[in-house]
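Report on the structure
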Amino acid sequence: MKKLLVSLLALISVLCIQAQPRMDRQKIDSIIRAHYTKTEVMIPMRDGVKLYTAIYQPKDQSSQHPILMHRSPYSCSPYGDQMTMGIYSKTHFFENNYVFVYQDVRGRYHSEGEFVQVRPLNPNIKDRTSKKALKDKVNIDEATDTYDTIDWLLKNVQNNNGNVGTWGISYDGFYATMTASSAHPALKAVSPQAPVTDWFRGDDRHHNGAFTFLQTTNFLPSLEGERQGRGVTPDIVKNDVYTDYLKLGTFADADKMVGPTVKMWVDIKNHPNFDTFWQERDARQSCYNLKPAMLVVGGTYDSEDCYGAWGTYEAIKKQSPDTELYLAFGPWYHGGWSSRGYNHLGNVYFGEGVSAYYQDEIEWPFFRYYLEGKGEKPNRINICYSGSNNWEKLTDWPLANVNYTPYYLHKGGALNTQAPTESASCTSYYSDLQHPVPFTGNPVRSRTTAYMTDDQRFAEGRPDVITFCSDVLTEPVKLGGPIDVELFTSMTGTDADFVVKVIDVYPENFTYPKEVAAQVSGNYPMSGYELMVRGEVFRGRYRNSFEKPEAFVPNQVTPVNFRLYDVAHTFLPGHKIMVQIHSTWFPLVDRNPQQFIDTYHCTVDDLKNETISVYHQSQAASRVILPVIK
């Protein structure tokens, strides 16, 4: 979605109506014009920089209306006389005459100033509401831009009720998080949705230190530099991403195409570890003492910023204990909650009304209560479980009744809760970097959203993938929380990645009812389907510290422990629990050269194959720890 370089709001709106004929769009535009007046202004910030802002004000001036603001680096298009379809897609807010405000962030599109990727909070601003801070023409950040914008809107938008809410998805979600730090007294409600939070440990650019090769080589050049709006993927992919990225090579080969005009790309190359550059861009540092109510939203099948949503919620909960904090998570892809008819991803069905429930029972009541003082607060924690496909109203997350249960990996591929007793036992595989494990079994020309729910049987049959599976379940196993991975491993080289997947294996002869199959899987053989409940990569060199990587000692048994972020899934009776482990996930993730060298400057000649062993013996018992709800 990001590579299209339009605001996520506008994109989602287009996706929601793209199947409709052209006349319907014209009708929607006419409806918007009948109810709203659009004004474009350049709002001055405290340092003199002016930010482009589009204001959609309801023609109904019989009462005062709240302001709902959206800040984005992706453009507030359409500009000029055209109206954004995004207003119409926010049905409840549109029908209740909210004031909609869209703003190009500093340095993007029609706004002045310098654009800084994931601009950190300015540490020189101590008290954001003090007279000194408000008159400071030097120290600015996204929070001060928010404060100045809100202040201007309150004074210049007629019949506003004095209350402002903000929201955003993905990168726009990062800006929503930043708005919460503005400390403006009129900002009452904020919703970071799949927010970019930490671009090194879990979101977008890296996962646990491993570089997201496919996504980043296209996204960053599309966002900045000489290839804005196009990226490099069209120049790379002639057949399919797996074949053509293998031909491309390594980061160093992509670097020749991206070039020095993409500043964040250069920063990635120059900051290979979790140093100060990345640490100060961790948005969780802005989550202290937040005043507005916060609704954090995320999707358990979000391939981009699932980590960010969980991380932002956890940070606010810990660092702002007095903040009125809400959480909504469902089995969505990135931004899927904005698609009202969403009920499946790929071949997997999640039930009807997954997104409608969120929109009607969570998002709308949240903003309505805090911006209008009407209705009731929604429940604090709302989680939709895949597998059982049901929404649950909870009091906390993770729940107090979670039993963190070790599932041990055994010789021969068994998976159960009994610790191994062997004195010497391991399972080995050969990681061949010339034939890496693909991230999907189908030839594709881009990173698909559905790979998160793709059938994993294509990987199980490979010799460089080891698999461990439970017996058929006789009772449901309900998971709610993070999954911890504790491996004991050795390798013939000095570094390796570890991809660990927790998989729901469907029963033999499983089929969807005809009415479900017709809109979801069609004729796909769902019998024995292997649904990835959670899969994540970890770059082994960071096993002790993301700041100070360490080489492995060849052939020495070494613990590698890491966390797979939270899941909400029920394994039903008749299903099985599976764990897959491998060391490549291409080209979703770049190839670790499997030796302790700089991955951003290495060449194809530096890639070394190696044998990797995972141990399951009494003194070195590899396991995954599942958050089983009692």
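Every value quoted in this text rests on a predicted model; they were computed, and no experiment measured them. Note on numbering: residues in each chain are counted from 1, in written sequence order. Side-chain atom pairs in this predicted model are given and counted only at pLDDT of 80 or more, local residue features only at pLDDT of at least 70, and totals for whole chains, interfaces and linings cover all residues. The side-chain values count all of the structure's non-hydrogen atoms but skip hydrogen atoms and water molecules.

1. Description of the sheet that holds strand β18 (residues 466–469)
- Whether two strands pair depends on DSSP finding at least two bridges between them. For helices the rule is a DSSP run of H or I covering at least 4 residues; for strands it is a run of E covering at least 2, with both sets numbered from the N terminus onward. Reading across from one edge, β18-β23-β20-β21 is the order of the 4 strands in this open sheet, with antiparallel pairing throughout. Bordering the open sheet on either side are β18 and β21 (530–539), each of which pairs with just one other strand. Between one strand axis and the next, the sheet turns through 15° on average, direction left out of account.
- By the bridge criterion, 9 bridges tie strand β20 (residues 497–505) to β21 in an arrangement that is antiparallel. Its bridge partner being in β21, V505 is matched across the sheet by E530. A fitted line through C-alpha atoms serves as each axis, taken over the contacting stretch for helices, and the angle formed by two N-to-C directions is quoted from 0 to 180°.

2. A look at the packing of aromatic side chains
- Aromatic pairs are defined between Phe, Tyr and Trp rings, using the six-membered ring for Trp, whenever the two ring centres lie within 6.5 Å; interplanar angles under 30 degrees are classed as stacked, those over 60 as edge-to-face, and all others as tilted. According to the stated counting rule, one finds 53 aromatic pairs in the structure shown.
- Note on F200 and W278: the rings are 6.0 Å apart at their centroids and 40° apart in plane angle, and the pair reads as tilted. Of the two residues, F200 is situated in the loop between β6 (187–193) and β7 (206–207) and W278 in helix α13 (residues 276–279); the sequence distance between them amounts to 78 residues. Neither F200 nor W278 differs from the other in exposure class; each is buried.
- Ring geometry for Y307 and Y565: centres 6.2 Å apart, planes at 75°, overall edge-to-face. Of this pair, Y307 sits in helix α14 (residues 306–319) while Y565 sits in strand β22 (residues 558–571), and the two are 258 residues apart along the sequence. Between buried and exposed lies partly exposed: a residue is buried under 20% and exposed over 50% of the maximum accessible area for its type, with that area taken using a 1.4 Å probe on protein chains only.

3. Looking at the confidence of the model for the chain
- The score called pLDDT rates the predictor's confidence residue by residue, from a low of 0 to a high of 100. In this model, the chain carries a mean pLDDT of 94, and residues with pLDDT of at least 70 account for 96%.
- We call two residues contacting when some pair of their heavy atoms lies within 4.5 Å. Segment residues 1–22: pLDDT under 50, and 59 contacts once partners within four positions in sequence are set aside and those in other chains are kept.

4. Some remarks on the pattern of salt bridges
- Salt bridges are counted wherever a side-chain nitrogen of Lys or Arg sits within 4 Å of a carboxyl oxygen of Asp or Glu. Under the definition given, this model contains 34 salt bridges.
- Its salt-bridge partner being E142, residue R71 comes within 3.2 Å of it at the nearest N-O pair. Separated by 71 residues along the polypeptide, R71 in strand β3 (residues 65–72) and E142 in helix α6 (residues 142–156) bring together distant segments of the chain. Here the two residues R71 and E142 agree in accessibility, since each one is buried.
- Across the salt bridge formed by R284 and D198, the nearest N and O atoms sit 3.0 Å from each other.

5. A look at the packing of helix α11 (residues 251–258) against helix α12 (residues 263–270)
- Where α11 meets α12, the closest approach of the two axes is 11 Å, and the angle between their N-to-C directions is 155°. With respect to their mutual orientation, α11 and α12 come out roughly antiparallel. Note that α11 runs across α12; the crossing there is left-handed. Here F251, A254, D255 and V258 of α11 come into contact with α12, specifically with W265, I268 and K269.
- Of the residues assigned to the contact of α11 with α12, the class counts are 5 nonpolar, no polar and 2 charged. Here is the rule for angles: anything less than 35 degrees is roughly parallel, anything more than 145 is roughly antiparallel, 65 through 115 is roughly perpendicular, and the remaining ranges are oblique. If you view the pair so one helix is near and one far, a crossing is left-handed when the near helix is turned anticlockwise from the far one by less than a right angle, and right-handed when it is turned clockwise. Gly is placed with the polar residues, together with every amino acid not listed as nonpolar (Ala, Val, Leu, Ile, Met, Phe, Trp, Tyr, Cys and Pro) or charged (Asp, Glu, Lys and Arg).

6. Re unusual backbone geometry
- The omega angle of the peptide bond from S77 to P78 is 5°, so this bond is cis rather than trans.
- Going from W397 to P398, the amide bond is cis rather than trans, its omega being -10°.
- With respect to the helices and strands, the residue P398 is situated in the loop between β14 (390–394) and β15 (402–409).

7. Concerning the side chain of T217
- Residue placement: T217 occurs in helix α8 (residues 213–223).
- Given the relative accessible area of 0%, T217 is considered buried.
- One polar contact links the side chain of T217 to the main-chain carbonyl oxygen of F213, over a distance of 2.9 Å.
- Residues within four places of T217 in sequence aside, it is in contact with V232, Y245, A254, V258 and W265. Polar contacts, as counted here, are pairs of nitrogen or oxygen atoms within 3.5 Å of one another; within protein the pair requires one atom able to donate a hydrogen and one able to accept it, and residues that are adjacent in sequence qualify only if both atoms are side-chain atoms.

8. Some remarks on helix α10 (residues 241–248)
- Of all the positions in α10, only V241, D244, Y245 and L248 are classed as buried. Angular distribution of buried residues about the axis of α10 spans 100°; they occupy a single face of the element.
- Taken together, the buried residues of α10 touch α8, α9 (233–236) and α11.
- Among the residues of α10, the N-terminal cap falls to D240, whose side-chain oxygen and the backbone nitrogen of Y242 are separated by 3.1 Å. The directions considered for the arc are those from the helix axis to the C-beta atoms.

9. Details of the pairing of β14
- Across 5 bridges, strand β13 (residues 381–385) lies against β14 in antiparallel orientation. Its bridge partner lying in β14, Y385 is registered against N390.

10. Some points on the environment of D360
- Along the chain, the position of D360 falls in helix α15 (residues 354–372).
- When its relative accessible area of 23% is taken as the criterion, D360 is described as partly exposed.
- C-alpha separation for the pair D360 and R340, spaced 20 residues apart in sequence, amounts to 9.9 Å.
- When sequence neighbours within four positions are dropped, the list of residues in contact with D360 reads H92, R340 and P365.
- A polar atom in the side chain of D360 sits 2.7 Å from the side chain of R340.

11. Focus on the nonpolar core
- Among buried residues, the Ala, Val, Leu, Ile, Met, Phe, Trp, Tyr and Cys ones that are joined through side-chain atoms within 4.5 Å form a nonpolar core. With 135 residues, the main nonpolar core has Y171 and F498 as its most contacted residues.
- Setting aside chain neighbours within four positions, we find F498 in contact with Y429, L487, T489, M491, E536, V537, F538, F552, V560, F562, H582 and I612.
- Formed by 43 residues, the second largest nonpolar core is a distinct cluster that contains A186, C287, W397 and Y565.

12. So, the sheet that holds strand β4 (residues 99–104)
- On the basis of which strands lie adjacent, the open sheet formed by 10 strands has the order β1-β2-β4-β3-β5-β6-β9-β10-β13-β14 and mixed pairing. Of all strands in the sheet, those with a lone pairing partner are β1 (36–44) and β14, marking the two edges. Direction aside, the axes of adjacent strands within the sheet are offset by 20° on average.
- Sheet topology places strand β2 (residues 50–58) next to β4; 4 bridges connect them, and they run antiparallel.

13. Considering the packing of α8 against α12
- Relative orientation of the contacting elements α8 and α12 amounts to 140°, with a least axis distance of 8 Å. Relative to α12, the element α8 is oriented oblique. Side by side, α8 and α12 meet where T216, T217 and L220 of the first sit next to M264, W265 and I268 of the second.
- By residue class, the composition of the contact of α8 with α12 is 4 nonpolar, 2 polar and no charged.

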